[in-house]
Amino acid sequence: MTSQPIEQFQIQPMEAKDRQDVLLLAESLEKFFPKNSLPVLEALLKTQPTIIGTTGKNVIGFLVYTLRDRETAEILWMGVDEDYHGLGLGTLLLQSLETILDEKGIYKLVTSTLSYTVPYEPYEKVRAFYYHRGFQSIGVEQNYYDTGLDRIILFKDISKTRSRTL
Ligand SMILES: CC(C)(COP(=O)(O)OP(=O)(O)OC[C@H]1O[C@@H](n2cnc3c(N)ncnc32)[C@H](O)[C@@H]1OP(=O)(O)O)[C@@H](O)C(=O)NCCC(=O)NCCS
């Protein structure tokens, strides 16, 4: 793990030139994203808004989201380079998304990930990441993934955590 200070991470919208770097980053997270899911990500990167985190030089994090309706957005994919896990970049990406949504008056944020009903250690930390940042479980969908595994659906009302000026 690197010890780069958090203030050196830069958060910005993804541009077409960054797409391949995001795909390579996702490919490196093989514990989390099976290889056969990467074409889905590739298609989403062409159509859905994406925020990236960089060192100023290299892409080390990404967050793909979509606007579901006038109140709701969904995080579709999110990942941080394993060398940089636990240094705050995932939090920065999430905060950046919440700022964008708040400006649009969107306050419901949903996402889903591998369920706690599936015993697979790497995803315990992923669920902890979301729980510690205000997401709550609103249900488990059995046999959701191609592999027959369950997903957990997570929800956050971002209007409850953002400070508002009158
Ligand atoms: C989930 C993920 C995006 C978090 O990014 P991150 O930059 O490591 O997160 P931060 O440093 O901002 O926050 C660390 C928190 O994440 C959790 N976490 C997840 N994986 C971690 C790891 N390998 N090391 C340390 N903390 C980890 C910890 O619970 C920690 O929570 P806490 O601060 O409340 O104690 C990142 O771990 C990741 O890319 N995981 C693999 C891909 C994935 O599963 N994406 C989500 C499902 S689509």
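Data block above holds the structure.
Residues numbered from 1 in each chain as written. Predicted model: local features only at pLDDT ≥ 70, side-chain atom pairs only at ≥ 80, totals over all residues.

## So, the site of the ligand
Contacts to the ligand come from 19 residues, most closely from Gly86, Gly90, Thr91, Lys125 and His132. Where the shell around the ligand is concerned, the elements lending two or more residues are β4 (72-80), α3 (89-103) and α4 (122-132). For the shell around the ligand, the element with the highest residue contribution is α4, accounting for five residues. Among the residues forming the shell around the ligand, the class breakdown is 10 nonpolar, eight polar and one charged. (Near = placed C-beta within 6 Å. Helix = DSSP H or I, 4+ residues; strand = E, 2+ residues; numbered from the N terminus. Nonpolar A, V, L, I, M, F, W, Y, C, P; charged D, E, K, R; others polar.)

## Here we look at helix α1 (residues 19-28)
Taken as a whole, α1 has its buried residues at Val22, Leu25 and Ala26. Projection of α1 onto a plane perpendicular to its axis shows the buried side chains occupying an angular sector of 100°, all on one side. Opposite its buried face, α1 presents the exposed residues Gln20, Leu24 and Glu27, each directed more than 90 degrees away. On its buried face, α1 is in contact with α2 (38-47), β2 (50-54), β3 (59-67) and β4. (Buried ≥ 20, exposed ≤ 12 C-beta atoms within 10 Å, placed from the backbone. Arc of directions from axis to C-beta. Contact = placed C-beta atoms within 7 Å.)

## Examining the environment of Gly53
One can find Gly53 in strand β2. Discounting residues that sit within four places of it in the chain, Gly53 has contacts with Phe9, Gln10, Ile11, Ile60, Gly61, Leu89, Leu92 and Leu93.

## Quick word on the environment of Asp18
Position of Asp18 among the secondary structure elements: in the loop between β1 (10-13) and α1. Those residues in contact with Asp18, other than ones at most four positions away along the chain, are Ile52 and Val59.

## Things to note about the pairing of β4
In this structure, β3 lies alongside β4, joined through seven bridges in antiparallel fashion. The residue bridging Thr66 from the neighbouring strand is Glu74, located in β4. With antiparallel pairing between neighbouring strands as the criterion, β3 and β4 make up a hairpin whose turn holds four residues. Pairing of β4 with strand β5 (residues 108-114), which is carried by three bridges, proceeds in the parallel orientation. Following the sheet pairing, Ala73 is matched in β5 by Leu109. (Pairing = 2+ DSSP bridges.)

## Comments concerning α4
Where burial is concerned, little of α4 is hidden: one out of the 11 residues are buried. The positive-phi residue at the C-terminal boundary of α4 is Gly134, with phi of around 95°.

## Here we look at the sheet that holds β3
Spatially, the seven strands line up as an open sheet ordered β1-β2-β3-β4-β5-β7-β6, and their pairing is mixed. The sheet is open, and its two borders are formed by β1 and β6 (136-141), each paired with just one other strand. Across the sheet, the mean angle from the axis of one strand to that of its neighbour is 25°, orientation sign disregarded. The pairing of β2 with β3 spans five bridges and is antiparallel. Across the sheet, the residue bridging to Thr54 is Val59, located in β3. Packing against the sheet, α4 makes contact with β5 and β7 (151-157), and its axis sits at approximately 170° to β5. (Axes fitted to C-alpha atoms, helices over the stretch in contact; angles between N-to-C directions.)

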